[in-house]
Amino acid sequence: MPHGRGQTQAKGTHAKDTHAKDTHAKDHDGPSSMVVVDVPPRPLLVCFSHLRWSFVWQRPQHLLSRAARHFDVLFIEEPVFEPAESPRLRVEAVAPGIAVAVPVLEQSRIYAADWIQARLIRDYLQRWDSETRVFWYYTPAALGVSAELARDITVYDNMDELSAFRGASPDLVAQEAELLTQADLVFTGGRSLYEAKRGAHPSIHCFPSSVDAAHFARAREAGPDPDDQAAIPHPRIGFFGVIDERLDRELLAATASLRPDWHFVMIGPVVKIEPESLPHRENIHWLGPKPYGALPDYLRHWDLGLMPFALNEATRFISPTKTPEFLAAGLRVISTPIVDVLRDYGEAGLVAIAETPASVALSIDALHAEPPEAWRERVDRHLAHNSWDRTWDAMHALLREGLRQDEAPLLLVHTPTPA
């Protein structure tokens, strides 16, 4: 049974006295017109992530930036190894209510990395004056540094099947099984993942990828072409996201050969694969990673979008965040038959599905010749019920239910001035 609340409520976090003080201040003219009330420290949400906060802006950043409206968020990354006199936790505020903590360790102490990180995190958390502590996991591997730390509730936001990714630790399967016994709430990043895990926990909830539609709708407005893209001829078809083993490089190369008049714009960091393995053609352009805020500036100058995902173990359960982002940008998109894309968007006629280079090439021709207005109307109706705000609100409601806590009192309580 989950035991996040049952076994970990006594935290000893040195919380300050949070009761309302009797501070009816008086001046020479009589009693004050207001009563000042101390607000309890905000609850603390501690996130353990395999992704760097400064990496591609995706599900963790979308959700936790919204969580910071209600929580102090401490985002703990995996360690870095640097020459140092002693291990330390490097903490940096990255946004209002959000701090990123990176354990800095010596390479020679890697054999004791989990023990050292656990000590650093424990000592740091003792400084926080918080009555409520939420642990929020993106990676089961973090159990090795946090399993013994006290918390009120444990959340596992299972955004990907990490054990299927290239270079994954063989321990991840067992670590996830243990995390599922500790978690009070489990969220999944898509329908396929939910269906695979729904029997593993009594409180599991499906929250597929959402979208900040207003951000990507900027791509529908006029604006200058970024300097590093301006010289690329039209028509253009583009991809943005992490470029790794999930990208079907052979499909991309073959499609580019079949449509030499089209230019394929590829945006994103290259990880876990050798850059030399990327296909190089005159009509394939690798522009590297771009800031999240700049993506609409690139997309507004594309004619179509492309999601050339390989069909392998690493993509079996993915629910790509970029699917609704392409749609919000007003770009018709072609995807390989990823199950969640096919069921959530392909069957509704919002995304074209193609598996082979020939079928992708034919889809390019068909979509480019088709007026987009009616399609965009259907897209906008579909996206009207899909947002990161809605997703966070639903998650937060489940958290509040689990914690059974009320909202914090108002800072100032106004009272009538006596006559």
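Below: a short report on this structure. (Residues numbered from 1 in each chain as written. Predicted model: local features only at pLDDT ≥ 70, side-chain atom pairs only at ≥ 80, totals over all residues. Heavy atoms only, no water.)

## Re a nonpolar patch on the surface
Then comes step 1: A cluster of nonpolar side chains, contributed by F81, I110 and Y111, occupies part of the molecular surface with about 350 Å² of accessible area.
Then comes step 2: Tracing the sequence through the fold places I110 in the loop between strand 8 (98-105) and helix 3 (113-125).
Then comes step 3: With a relative accessible area of 46%, I110 lands in the partly exposed category. (Patch = residues over 30% accessible without salt bridge, like charges linked within 9 Å, V, L, I, M, F, W, Y side chains within 5 Å. Areas by Shrake-Rupley, 256 points an atom, 1.4 Å probe, with all protein chains shown as cover. Salt bridge = Lys/Arg side-chain N within 4 Å of Asp/Glu carboxyl O. Helix = DSSP H or I, 4+ residues; strand = E, 2+ residues; numbered from the N terminus. Buried < 20%, exposed > 50% of the residue type's maximum accessible area, 1.4 Å probe, protein only.)

## A look at the packing of aromatic side chains
Pairs of aromatic rings are described using the distance from one ring centre to the other and the angle between the two planes.
Then comes step 1: One pass over the full model with this rule turns up 16 aromatic pairs.
Then comes step 2: Taken together, a centroid distance of 6.4 Å and an interplanar angle of 80 degrees make the contact between F71 and W392 edge-to-face. Taken together, the residues span a long stretch of sequence, with F71 in the loop between helix 2 (59-67) and strand 5 (72-76) and W392 in helix 15 (residues 388-403) at a distance of 321 residues.
Then comes step 3: Given the relative accessible area of 2%, F71 is considered buried.
Then comes step 4: For W392, a relative accessible area of 0% gives the class buried.
Then comes step 5: The structure contains a cluster of three or more aromatic residues connected by ring pairs, namely W53, W57, F75, F216, F240, Y292, W302 and F326. (Phe/Tyr/Trp six-rings, centres within 6.5 Å; stacked < 30°, edge-to-face > 60°.)

## What to know about the sheet that holds strand 13 (residues 236-240)
Then comes step 1: Read across the open sheet, the six strands follow the order 15-14-13-16-17-18; overall the sheet is parallel. Two strands close off the open sheet at either side, each with one partner strand: strand 15 (284-288) and strand 18 (352-353).
Then comes step 2: One ladder, built from two bridges, connects strand 13 with strand 16 (residues 304-307); its direction is parallel. When the bridges of strand 16 are listed, I237 appears paired with L304.
Then comes step 3: In this fold helix 13 (residues 357-369) packs onto strand 13, strand 14 (263-267), strand 16, strand 17 (333-335) and strand 18, with an angle of close to 160 degrees to the strand it touches most, strand 17. (Pairing = 2+ DSSP bridges. Contact = heavy atoms within 4.5 Å. Axes fitted to C-alpha atoms, helices over the stretch in contact; angles between N-to-C directions.)

## Focus on the pattern of salt bridges
Then comes step 1: Scanning the model with the defined rule gives 22 salt bridges in all.
Then comes step 2: With a closest N to O distance of 2.8 Å, R191 and D344 form a salt bridge. With R191 in helix 6 (residues 191-197) and D344 in helix 12 (residues 339-346), this residue pair connects regions lying 153 residues apart in the sequence.
Then comes step 3: Given the relative accessible area of 31%, R191 is considered partly exposed.
Then comes step 4: D344 gets classed as buried once you look at its relative accessible area, which sits at 19%.
Then comes step 5: The residue E195 makes a salt bridge to R343 at a minimum N-O spacing of 3.2 Å. One end of the pair, E195, is in helix 6; the other, R343, is in helix 12, and 148 residues separate them in sequence.
Then comes step 6: The partly exposed category is assigned to E195, whose relative accessible area is 35%.
Then comes step 7: Put simply, R66, R69 and D389 are held in one network by salt bridges that share partners.

## What about the nonpolar core?
Then comes step 1: By size, the foremost hydrophobic cluster in this structure holds 52 residues, and its most contacted members are F264, L299, W302, L327 and I334.
Then comes step 2: Of the residues forming this core, the biggest block, four residues, is contributed by strand 14.
Then comes step 3: Non-local contacts of I334, meaning those with residues more than four positions away in its chain, are made with I237, G305, L306, M307, A352, A354, V360, S363, I364 and L367.
Then comes step 4: Membership of the second largest hydrophobic core comes to 31 residues, among which are A67, V73, F187 and W388. (Core = buried A, V, L, I, M, F, W, Y, C linked by side-chain atoms within 4.5 Å.)

## Brief notes about the pairing of strand 11 (residues 185-188)
Then comes step 1: Here strand 11 shows no split at all, with L185 and F187 on one side and V186 and T188 on the other all buried.
Then comes step 2: Both strand 10 (residues 153-158) and strand 11 contribute to a ladder of four bridges, which runs parallel. Looking across to strand 11, one finds that Y156 is bridged to V186.
Then comes step 3: Following the chain from strand 11 across helix 6 to the adjacent parallel strand 12 (residues 204-206), one finds a crossover that is right-handed. (Right-handed = clockwise from strand over helix to strand, strands pointing away.)

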